[in-house]
Amino acid sequence: MGKMKKNKKISGAEAVIKSLIKENIDLVYGYPGGAIMPVYDEFFKFQHKVNHVLTRHEQGAVHAAQGYARSSGRVGVAIATSGPGATNLVTGIADAQIDSTPIVCITGQVPAHLLGSDAFQETDIIGISMPVTKWSYQITKASEVPDVIAKAFYIAKSGRPGPVLIDITKNAQIEMLDFKYKKCVGIRSYSPVPKIDKNKILEAAELINNAKNPLIVWGQGVILGNAEKEFKNFVEKSGIPAAWTILGASAIPTSHELNVGMVGMHGNYGPNILTNKCDLLIAIGMRFDDRVTGDTSTYAKQAKIIHLEIDPAEVNKNIKVDVPVVGNCKDSLRMLTRNIKEKSYKTWVNKFDELMKKEFKKVIKSDLSPKKKGLTMGESIIAINKFTKGKAIIVTDVGQHQMVACRYANFIDSKSNITSGGLGTMGFALPAAIGAKMGAPKREVVAVIGDGGYQMTIQELGTIFQLQLPVKIVILNNDFLGMVRQWQQLFFDKRYASTEMVNPDFVSIAKAYFLDSERVESRSDLEPAVKRMIESKKPFVLEICVEKEDNVFPMIPSGASVSDIRLE
């Protein structure tokens, strides 16, 4: 008998790449450095299997991973070195945590024997990231690599998704191990999808069947749970008007007859006012964020509240509810729909229509058909709608342009609105658009960005140029940090402290990166320029110069009740 063939040992660094391949990861965003060098050497060897995209900054890598996760529904991956490389990921990790985005971040670390010695580029990234990750772990031995990475992907994507950080010491990347990979399918004491209590379904159904003026408010949980079909069936059978949070946008089309608009600080007038008039509020996959509720002491006090939510920690956290239905809303909505009566609420739905007419007269008309000479952000979004026909993924940064884009963009398909919601991260949109396009290559991706946020990650134009990625970038330029300026105008007697921008020539910067670029300053040039941008097969930067001191209305002042929403 011949000798049994021994498994060939591999390095911890090679085990990292092979683990990614076992998780069907073929795309990684990152930036190399000394402490992660062994892993990058393996990227070179496995480049036929894993595409590594070199961003221009680690923050660009993590936002790109988020954009990829949001458009594809898969886990995004970002990689960086130790010290400043790792700390530059933290903003994106915090953003992913609060917006429930599944990403795995891998960082290099100094060798295990130097931990705690303040070695060159040593930072305690586990300690720093712990409050903003779903799970984090430091690998100090090569033998840990396969199991820890398997666990990382399982935790990132299961239940309520989120970011995971794996820190790998340099010695663990160099040491050898016998590589065996087994996908993680469960962890003791971790129950990512709670079992649905059928009694709560029956309680919720009874409240729905007896309601006179019910209102649905849905959030991103519908999209994360792949529950769009179940949600649409529930809305249509129940006949209940449905409003969305900023991250819930696009779960059902904007044009759906029961879609009554956006709630929250800059949401639509009707759903905000009528939140405090409904007799039943059905919250689905949303967390009662302060930007949605305003003053919680006055929020929907007259209503019974049903909350469909996967994360038990969110139930009764901000708003006390009457019937919590804990579990994946894909399942709970299916169960609930079976137990409700088919109804319609014509008189109640008409109230939303009446308030929308009031909002149109006071706000929308001047946003979209302005008498003033200067262009508005609203008409810019309408021009984008015209040429994308509502089929594009719209990626927004943070500020006035974000609120206007979310208010006026037409969404036909799910996963069409990618924005930084809970953390409000300026600089998010440009790198996130890279990831969004690579996650959904057949879809048009339009990044709509303000002049302030654009300059926070403007260097990612270099990534777009190197990839020749046909992302369309729209800069709505008002030469101000517009949202802060609006607050200064309304609440600080027009003391515009540090909000006026002296901007560079954005067109020239784009051209320096060899990207097609135009500037629009007049109304007659807007639609032809947007048409050229959308029809282009290449990356395109379009700067639209808009009114300097336009405000975004409606608006709920900070800390006020949703009933205090202002139209002017």
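Residues numbered from 1 in each chain as written. Predicted model: local features only at pLDDT ≥ 70, side-chain atom pairs only at ≥ 80, totals over all residues. Heavy atoms only, no water.

## Topic: the packing of helix H3 (residues 58-72) against helix H5 (residues 90-98)
Keep this limit in mind: Here, axes are lines fitted to C-alpha atoms. For helices the fit covers the stretch in contact, and angles between N-to-C directions go from 0 to 180 degrees. In this text, helices come from DSSP runs of H or I with a minimum length of four residues, and strands from runs of E with a minimum of two, each type numbered from the N-terminal end. Here is the rule for angles: anything less than 35 degrees is roughly parallel, anything more than 145 is roughly antiparallel, 65 through 115 is roughly perpendicular, and the remaining ranges are oblique. Here a residue-residue contact requires only that any non-hydrogen atoms of the pair lie within 4.5 Å.
For the pair H3 and H5, interaxial distance at closest approach is 8 Å and the crossing angle is 25°. One finds that H3 runs roughly parallel with respect to H5. On H5, the residues that touch Gln59, Val62, His63 and Gln66 of H3 are Thr91, Gly92, Ile93, Asp95 and Ala96.

## Re the side chain of Thr245
Filter applied, for reference: Burial status follows relative accessibility: with a 1.4 Å probe on protein chains alone, a residue under 20% of its type maximum counts as buried, one over 50% as exposed, and anything between as partly exposed.
Following the sequence through the fold, Thr245 ends up in the loop between strand S10 (242-244) and strand S11 (259-262). Among the residues examined, Thr245 registers a relative accessible area of 10% and is labelled buried. The contacts of Thr245, once residues within four sequence positions are left out, are Val217, Trp218, Gly219, Gln220, Val263, Met286 and Val292.

## Considerations on unusual backbone geometry
Between Phe553 and Pro554 the backbone carries a cis peptide bond, its omega angle lying at -5°. On the secondary structure map, Pro554 appears in the segment after strand S20 (540-545). Non-glycine residue Gln468 carries a positive phi angle of around 50°. Of note, Gln468 is situated in the loop between helix H20 (461-467) and strand S18 (472-477).

## Here's the deal with the pattern of salt bridges
Our working rule: The term salt bridge refers to a pairing of a side-chain nitrogen on Lys or Arg with a carboxyl oxygen on Asp or Glu at a separation within 4 Å.
One pass over the full model with this rule turns up 27 salt bridges. The salt bridge partner of Glu14 is Lys18, with a shortest N-O separation of 3.2 Å. With a gap of four residues between them, Glu14 and Lys18 both fall in helix H1 (residues 12-22), about one helical turn apart. A relative accessible area of 27% places Lys18 in the partly exposed class. Two residues, Glu42 and Lys45, come together in a salt bridge whose shortest N-O distance is 3.3 Å.

## Points about the domain arrangement of the protein
Convention followed: An automatic or database domain assignment is the source of the domain bounds shown. Once two parts are joined, some of their accessible surface, as seen by a 1.4 Å probe, is lost; buried area is that loss totalled over both. Counting of polar contacts relies on pairs of N or O atoms within 3.5 Å, with two restrictions inside protein: one atom must be capable of donating a hydrogen and the other of accepting it, and residues adjacent in sequence are counted only when both atoms are side-chain atoms. Polar here means any residue other than Ala, Val, Leu, Ile, Met, Phe, Trp, Tyr, Cys and Pro, which are nonpolar, and Asp, Glu, Lys and Arg, which are charged; Gly is therefore polar.
Each domain of the protein was delimited in the assignment, giving domain 1 (8-178), domain 2 (198-352) and domain 3 (373-545). Centre-to-centre separation of domain 1 and domain 3, based on C-alpha positions: 30 Å. Taken together, the contacts link 24 residues of domain 1 with 27 residues of domain 3. Here domain 1 meets domain 3 over a buried area of about 1900 Å², counting both sides, of which 62% is carbon and sulfur. Its largest share of buried area at the contact with domain 3, domain 1 owes to Arg56, Arg70 and Ser71, together 33% of the area lost on that side. Where domain 1 packs against domain 3, one counts zero salt bridges. Linking domain 1 with domain 3 are eleven residue pairs in polar contact (both at pLDDT 80 or more), by the criterion used here. Considering each element in turn, the side of domain 1 that touches domain 3 owes the most residues, ten residues, to H3. Tallied by class, residues from the side of domain 1 that touches domain 3 come to eight nonpolar, twelve polar and four charged.

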